[in-house]
Amino acid sequence: SRTSPGQIEPEARVVLDENGVVTAIDDAAEALLGDRTALGQPLADLATEADRPVVRALLDAVDPNGAALRATAGLRCADGHVVQTVIVAAAIVGAGSAPGVTAFLHDVSRQRSAEQALGATQAVIGAMARAQAPKVALESLVASLGASMGWEVGGYWKLAADDATLHRVLDWSAGEIDAESVTPERYELAGSLSERAITAGAAQWATDLVTGTVLSTTPLADQAGLRSAIAVPITRMGRATGVIGFL
């Protein structure tokens, strides 16, 4: 059976011209990206908005007389979900070879998600423990966590007095996607990723989401290509008060 997008061996390879445009894709890279529609597109354009400068800087720094260079970036696949990818780029050299770059792609999504979940949990615990004004701390924390981890949208959902529903208190977006339109104002805790996070007392991560199972994501989230999420529990004096979530 065909490998699912995101399940990839290290030898996935794309060839770029001197402008960073994809001119060739091998079978392993096609499995990673979902199809061959990347042909004719700049590799940097496949990256998330936050990571495009990283990919451009990597390709600009490749030297025909230098060693291969590497960077990590989120690449958006054909079906819209993002794969955290290590890109190893080296100049094409040899008599008669056209100027360009060979880029090897390696999926590190699982490794990155575990690291992000741990880092997010520790950041939230530390920030809330020090906070004199929790709401102000949350606003700053949501923005800094979302930007540093490369998420597109997020927010804070407060747990209601019935301990069964959550409602959005604040939202955040890294770019042009309207966070309010792709995340719910209110949703049920039961069966959600947020419930898993609160039960575990630690951040929980999921990918290939089904609408309604994580942050009760709206159909617009799927249309925007938001397919993965992380939920980080917020506690006060040992009691869960809500979750920070990102898509």
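Just so it is clear, the model here is predicted, and its values are computed rather than measured. (Residues numbered from 1 in each chain as written. Predicted model: local features only at pLDDT ≥ 70, side-chain atom pairs only at ≥ 80, totals over all residues. Heavy atoms only, no water.)

Once that is clear, we can look at the pattern of salt bridges. Taken as a whole and judged by the stated rule, the model has 5 salt bridges. E30 is paired through a salt bridge with R36; the nearest N and O atoms lie 3.1 Å apart. A relative accessible area of 31% places R36 in the partly exposed class. A salt bridge links R56 to D45, with the nearest nitrogen and oxygen atoms 3.9 Å apart. In this pair, R56 is assigned in helix α3 (residues 52-61) and D45 in helix α2 (residues 43-46), connecting sequence segments 11 residues apart. Its relative accessible area of 36% is what places D45 among the partly exposed residues. Residues participating in the shared-partner salt-bridge network are D27, E30 and R36. (Salt bridge = Lys/Arg side-chain N within 4 Å of Asp/Glu carboxyl O. Buried < 20%, exposed > 50% of the residue type's maximum accessible area, 1.4 Å probe, protein only. Helix = DSSP H or I, 4+ residues; strand = E, 2+ residues; numbered from the N terminus.)

Before going further, it helps to spend a moment on the environment of A160. Mapped onto the secondary structure, A160 falls in the loop between β6 (153-159) and β7 (165-173). The class for A160 is buried, based on a relative accessible area of 15%. Placed 81 residues apart in sequence, A160 and T241 show a C-alpha to C-alpha distance of 8.1 Å.

Here 8 bridges tie strand β3 (residues 69-76) to strand β4 (residues 82-91), and the two strands are oriented antiparallel to one another. Opposite L75, over in β4, you have V83 as the bridge partner. Where β3 hands over to β4, the hairpin turn is made up of 5 residues, of which G80 adopts a positive phi near 100°. (Pairing = 2+ DSSP bridges.)

Bringing the nonpolar core into the picture now. By size, the foremost hydrophobic cluster in this structure holds 28 residues, and its most contacted members are V14, L43, V55 and I87. Those elements that place two or more of their residues in this core are β1 (12-17), β2 (22-25), α1 (27-33), α2, α3, β3, β4 and β5 (100-107). Examining the composition of this core, we find that 4 residues originate from one element, α1, more than from any other. The contacts of V55, once residues within four sequence positions are left out, are L43, A44, A47, A73 and I87. The next biggest cluster of nonpolar side chains, apart from the first, holds 15 residues, and it includes V142, L145, M149 and W151. (Core = buried A, V, L, I, M, F, W, Y, C linked by side-chain atoms within 4.5 Å. Contact = heavy atoms within 4.5 Å.)

Scanning all chains against the criterion turns up 2 aromatic pairs. Taken together, a centroid distance of 5.8 Å and an interplanar angle of 90° make the contact between W172 and F246 edge-to-face. On the criterion of sequence distance, the pair formed by W172 in strand β7 and F246 in strand β11 (residues 239-246) is long-range, its members being 74 residues apart. For W172, a relative accessible area of 13% gives the class buried. (Phe/Tyr/Trp six-rings, centres within 6.5 Å; stacked < 30°, edge-to-face > 60°.)

Turning our eyes to something else, we now look at the confidence of the model for the chain. Taken as a whole, the chain shows an average pLDDT of 79; of its residues, 75% reach a score of 70 or greater. Segment residues 1-10: pLDDT under 50, and 24 contacts once partners within four positions in sequence are set aside and those in other chains are kept. (pLDDT = per-residue confidence, 0-100.)

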